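Structural overview
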Amino acid sequence: MTVSAESRARCVAGIVIYRPQHDALLRLVSTLADDVTTVAIYANSPVSGEEQQALEAAAGSTELVVLRPGLNRGLGAAYNA
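Right, let's walk through the structure included here. Values in this document were obtained by computation on a predicted structure and should not be read as measured data.

Turning our eyes to something else, we now look at the overall build of the chain. When helices and strands are counted, the chain shows four helices and three strands. Secondary structure of the chain in N-to-C order comes out as α-β-α-β-α-β-α. Counting contacts in the chain only where the partners sit at least 6 residues apart, residues at least 24 apart contribute 77% of the total. Counting every atom, the chain has about 5,200 Å² of accessible surface; 50% of that belongs to carbon and sulfur.

Here we take up the pairing of strand E2 (residues 38–43). Most of E2 sits inside the fold, with six of its six residues counted as buried. Residue alternation in E2 divides its side chains into two sets, Thr38, Ala40 and Tyr42 and Val39, Ile41 and Ala43, and both sets are buried. Across six bridges, strand E1 (residues 12–17) lies against E2 in parallel orientation. For Gly14, the partnering residue across the bridge sits in E2 and is Ala40. Inspection of the sheet shows E2 paired to strand E3 (residues 63–67) by five bridges, in the parallel sense. If you follow Thr38 over to E3, its bridge partner there is Glu63. Of the crossover connections in this fold, the one passing from E2 over helix H3 (residues 49–59) to the parallel E3 is right-handed.

Here we take up helix H2 (residues 22–33). For H2, which comprises 12 residues, the first-to-last C-alpha distance of 16 Å matches the rise-based estimate of 16 Å (1.5 Å per residue) to within 8%. Listed as buried for H2 are Leu25, Val29 and Ala33. Seen from one end, H2 has its buried residues packed into an arc of 65°, which puts them on one side. More than 90 degrees from the buried face of H2, the exposed residues found are Asp23, Arg27 and Thr31.

What counts and how
- Residues numbered from 1 in each chain as written.
- Predicted model: local features only at pLDDT ≥ 70, side-chain atom pairs only at ≥ 80, totals over all residues.
- Heavy atoms only, no water.
- Helix = DSSP H or I, 4+ residues; strand = E, 2+ residues; numbered from the N terminus.
- Contact = heavy atoms within 4.5 Å.
- Areas by Shrake-Rupley, 256 points an atom, 1.4 Å probe, with all protein chains shown as cover.
- Buried < 20%, exposed > 50% of the residue type's maximum accessible area, 1.4 Å probe, protein only.
- Pairing = 2+ DSSP bridges.
- Right-handed = clockwise from strand over helix to strand, strands pointing away.
- Expected span 1.5 Å × (residues − 1).
- Arc of directions from axis to C-beta.

Next comes the structure, spelled out in structure tokens:
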């Protein structure tokens with residue numbers, strides 16, 4: 001599915017993670033990045049600097065934001081953030 005440039009201009013993908021399978025997460029970020037302007041990851045578990053670099057590479061030119069609450073706050077808090 002191709003998203004129009006107008007829709008893409010307003011679109012953010014939000015992902016909530018807790019101890020993800022990093023290969024799967026990288027594939028997800030890469031796939032979503034083609035259709036959105038920003039990929040926001042709410043990390044309910046630590047993301048290392050190396051993992052963040054890999055995520056940024058997977059996002060390509062799409063903005064990547066990693067929110068780090070410092071503890072597992074759950075899905076409700078993550079979606080509200």
